[in-house]
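# Inside the fold
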Amino acid sequence: LQLGSMAESSAELPAAVAPSEGDLSVDATEDQQRAVLSNQLAGIASGNTGLGGLGLKVRYYIALESTWQVALYAFCYRFRPTILVMESQRARAVATRVGEWMKRWNWGTVSKLGANVYNSPWKLALAEWTIINKLAAPVSFPTKIYVAHLLANRTAAKREERTVDSPTASQAGAGGSGKLP
């Protein structure tokens, strides 16, 4: 969408708006650039990205990702999974060993930062949300992509089915049954 780069070379313009051999005026080139830019902006505003079904898949992915993030944060805030895990004997022993190892290597500042997390339930939920997101990412990310793909394909198939099954305006207006012979 840069006008400067388009003015330098007419080879970048589509064939329909590229200047002809005899037309080298600056005004015509600017008008053509404006027309190309206007068409691009109109396509973006109408949601027509020229990428087929990708727009629908991206919208489904954004909806799935948003739902996942909000639900995971609410889960972490409500159930505090690290607190539940730390109540077991084995997890408490692992945490104690890691804490001793960190003290031996003088990583006391890290444990001081970790201690501040337990001051607020919001901070604790955020820390748990971050840890779970990082641990679950290798599985959850491809799963969300796949589910978005399935939902978009299902929606596209239903839309196509509706357009094939629905009568055209001429058939419905002519008193026909709306079905093809």
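Described in the following lines is the structure provided in the data block. (Residues numbered from 1 in each chain as written. Predicted model: local features only at pLDDT ≥ 70, side-chain atom pairs only at ≥ 80, totals over all residues. Heavy atoms only, no water.)

## Notes on helix α7 (residues 121-165)
Here α7 contains 45 residues, and its C-alpha end-to-end distance of 54 Å is more than 12% below the 66 Å for a straight helix at 1.5 Å per residue. Bending of α7 peaks at approximately 75 degrees at the position of A137, with proline P138 no more than four residues after it. For α7, the full list of buried residues reads L124, A125, E128, N133, S140, K144, A148, A152 and T155. Among the residues of α7, the N-terminal cap falls to S120, whose side-chain oxygen and the backbone nitrogen of W122 are separated by 3.2 Å. (Helix = DSSP H or I, 4+ residues; strand = E, 2+ residues; numbered from the N terminus. Expected span 1.5 Å × (residues − 1). Bend = angle between axes of the 7 residues up to and from the residue. Buried < 20%, exposed > 50% of the residue type's maximum accessible area, 1.4 Å probe, protein only. Polar contact = N/O pair within 3.5 Å; in protein donor to acceptor, adjacent residues only side chain to side chain.)

## A look at a positive patch on the surface
Together, R59, R154, K158, R159 and R162 make up a positively charged patch on the protein surface. The biggest single contributor to the positive patch is α7, with 4 residues. By the secondary structure assignment, K158 is in helix α7. (Patch = residues over 30% accessible without salt bridge, like charges linked within 9 Å, V, L, I, M, F, W, Y side chains within 5 Å. Areas by Shrake-Rupley, 256 points an atom, 1.4 Å probe, with all protein chains shown as cover. Salt bridge = Lys/Arg side-chain N within 4 Å of Asp/Glu carboxyl O. Lys, Arg positive; Asp, Glu negative; His and termini not counted. Charge placed at Lys NZ, Arg CZ, Asp CG, Glu CD.)

## Here we look at unusual backbone geometry
Even without a glycine there, the phi angle at R80 is positive, about 45 degrees. Among the secondary structure elements, R80 is positioned in the loop between α3 (54-79) and α4 (81-86).

## Re a nonpolar patch on the surface
A cluster of nonpolar side chains, contributed by F75, F79 and L84, occupies part of the molecular surface with about 290 Å² of accessible area. Looking at the secondary structure, you find L84 in helix α4.

## Quick look at the packing of aromatic side chains
Inspection of the entire model under this criterion finds 4 aromatic pairs. Ring centres of F75 and F79 lie 5.1 Å apart, and the angle between their planes is 45 degrees; on these two criteria the pair is classed as tilted. Of this pair, F75 and F79 both sit in helix α3, separated by 4 residues, roughly a single helical turn. A residue is classified by how much of its surface remains accessible, and F75, at 39% relative accessible area, is partly exposed. Clustering of aromatic rings is evident, with ring pairs tying together Y73, Y77 and W122. (Phe/Tyr/Trp six-rings, centres within 6.5 Å; stacked < 30°, edge-to-face > 60°.)

## Concerning the pattern of salt bridges
Pairs can form between side chains of opposite charge once their charged atoms are near each other. Overall, the coordinates contain 1 salt bridge when judged by the stated rule. Across the pair E65 and K144 runs a salt bridge whose closest N-O atoms are separated by 2.8 Å. In this pair, E65 sits in helix α3 while K144 sits in helix α7, placing the two residues 79 residues apart along the sequence. Across this residue pair, the class does not change: E65 and K144 are buried.

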